[in-house]
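The primary structure of each chain is shown beneath.
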Amino acid sequence: MLDLTARMHARRDAFLDAVARRRTIMGILNVTPDSFSDGGKFDRPEAALEQAKAMVAAGADIIDVGAESTRPGHTPISADEEIVRLERLLPPLLAEVDAPFSIDTYKAATARYATGLGVCVINDVWGLQRDPDMATVVAAAGAGVVVMHNRDTKDESVDIVSDMKRFFARSLALARSAGIPDSHVMLDPGIGFGKTKQQNLAALRATDDLVATYGLPVLIGVSRKSLFGLLLGADVDARLIGTLAANLACATRGARIFRVHDVADHKAAFTVLDAIDNG
């Protein structure tokens, strides 16, 4: 157990060190039957393993595994069902893919199961606020955590940046109370979650504000989202250019982590951006 914990912490630290030094890529691996973009494609062990290895080879710094779709209108599942989906997939992934892994879940039981296997980051779409045990589980494991802003409903009258700051203040208070150090926390403005089109755009514009306010790494997760359908009239498979444009804009505003389906394209784009930035 100590060896497993030490390896998990080493991978956590290696990932966080990379985030501190440069822009990093989080590859999306949905092992669900109903995710909006790739549902049903990678819910078999062989397919999941092949995709994870391909993303690492293409330049992903961490692989984010999701066993429950959180798309608008999704059907929630229990922690037991989520863990059942992971049981045949996660152990071989961790054993055969040389990369850090995160788990996309808001359930403490799932987070406990995943960190027990060696997952080093919890990506919580409810920012430690939906499951009262989540912060304690993250702290006990010594995992990193992505705190994402979310809302149950859209309300166009809300000042979304102020709402994000109130939300993050509560999440950070929960994290600190549980013993999670700030150095293990990343923030995500939650594009596509309880926000109108204009609020999503405002949240993206606020990337530099979030960086300046909290001094924590900001993660952007816009890959193939409906925002680009609204802006461009593009189907899911035709949203790469919109995704790249949004991520490059946020990169110039200080974002450090980019959660994407198209790893190789983003690696190329950031290589060019880095070359321009660094002369």
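Relevant structure appears above.
Not measured: the values here are computed from a predicted model.

Draft legend 1. Inspection of the overall build of the protein at higher detail. A tally of helices and strands in the protein yields 12 helices and eight strands. Taken over C-alpha atoms, the radius of gyration comes to 17 Å for the protein, in line with the 19 Å a tight globule of 279 residues would show. Dimensions of the protein, computed from the C-alpha atoms along their principal axes, are close to 45 × 45 × 40 Å. Intrachain contacts of the protein at a sequence separation of at least 6 include 69% that bridge at least 24 residues. Total accessible area on the protein stands at roughly 11700 Å², and carbon and sulfur atoms take up 53% of it. A distance of 3 Å separates the average location of the 31 positive side-chain charges in the protein from that of its 36 negative side-chain charges.

Draft legend 2. Looking closely at the environment of Phe 270. Note on placement: Phe 270 falls in helix H12 (residues 263-278). By relative accessible area, which is 4% here, Phe 270 ends up buried. Residues in contact with Phe 270, not counting those within four places in the same chain, are Arg 23, Ile 25, Asn 247, Leu 248, Ala 251 and Phe 258.

Draft legend 3. The sheet that holds strand S8 (residues 257-260), seen in detail. Strand order in this open sheet of eight strands is S6-S5-S4-S3-S2-S1-S8-S7, and the pairing throughout is parallel. Looking at the sheet topology across the chains shown, the edges are occupied by strand S6 (185-188) and strand S7 (219-220). Note: S7 against S8, two bridges, orientation parallel. If you follow Leu 219 over to S8, its bridge partner there is Ile 257. Against the sheet, helix H2 (residues 45-58) touches strand S1 (24-30) and strand S2 (62-66), its axis set at about 170° to S1. Across the sheet, helix H11 (residues 240-252) lies against S7 and S8, angled at about 170° from S8, the strand it touches most.

Draft legend 4. The side chain of His 149, seen in detail. By secondary structure assignment, the location of His 149 is in the loop between strand S5 (144-148) and helix H7 (160-178). Not counting the four nearest positions on each side in its chain, His 149 is found in contact with Val 125, Ile 160, Asp 163, Met 164, Phe 167, Phe 168, Asp 188, Pro 189, Gly 190, Phe 193 and Lys 195.

Draft legend 5. Region of interest: helix H5 (residues 108-117). Within the sequence span of H5, burial applies to Ala 108, Thr 110, Ala 111, Ala 114 and Thr 115. Along the axis of H5, the buried positions cluster into a sector of 155°, meaning they face one direction only. Phi for Gly 118, located one or two positions after H5, is positive at around 120°.

Draft legend 6. Layout of helix H3 (residues 79-87). Among the residues making up H3, those that are buried are Ala 79, Glu 82, Ile 83, Arg 85 and Leu 86. Buried positions in H3, seen along its axis, are confined to an arc of 155° and lie on one side of it. Of the residues in H3, the exposed ones pointing more than 90 degrees away from the buried face are Asp 80 and Val 84. Where H3 is buried, its residues contact S2, helix H4 (90-96), strand S3 (101-104) and H5.

Draft legend 7. Region of interest: the side chain of Asp 163. Position of Asp 163 among the secondary structure elements: in helix H7. Only 2.8 Å separates the side chain of Asp 163 from the side chain of His 149, close enough to count as a polar contact. Those residues within four positions of Asp 163 in sequence are excluded, and the remaining contacts are His 149, Arg 151 and Val 158.

Rules of the game
Residues numbered from 1 in each chain as written. Predicted model: local features only at pLDDT ≥ 70, side-chain atom pairs only at ≥ 80, totals over all residues. Heavy atoms only, no water. Helix = DSSP H or I, 4+ residues; strand = E, 2+ residues; numbered from the N terminus. Rg over C-alpha atoms; globule rule 2.2 N^0.38 Å. Contact = heavy atoms within 4.5 Å. Areas by Shrake-Rupley, 256 points an atom, 1.4 Å probe, with all protein chains shown as cover. Lys, Arg positive; Asp, Glu negative; His and termini not counted. Charge placed at Lys NZ, Arg CZ, Asp CG, Glu CD. Buried < 20%, exposed > 50% of the residue type's maximum accessible area, 1.4 Å probe, protein only. Pairing = 2+ DSSP bridges. Axes fitted to C-alpha atoms, helices over the stretch in contact; angles between N-to-C directions. Arc of directions from axis to C-beta. Polar contact = N/O pair within 3.5 Å; in protein donor to acceptor, adjacent residues only side chain to side chain.

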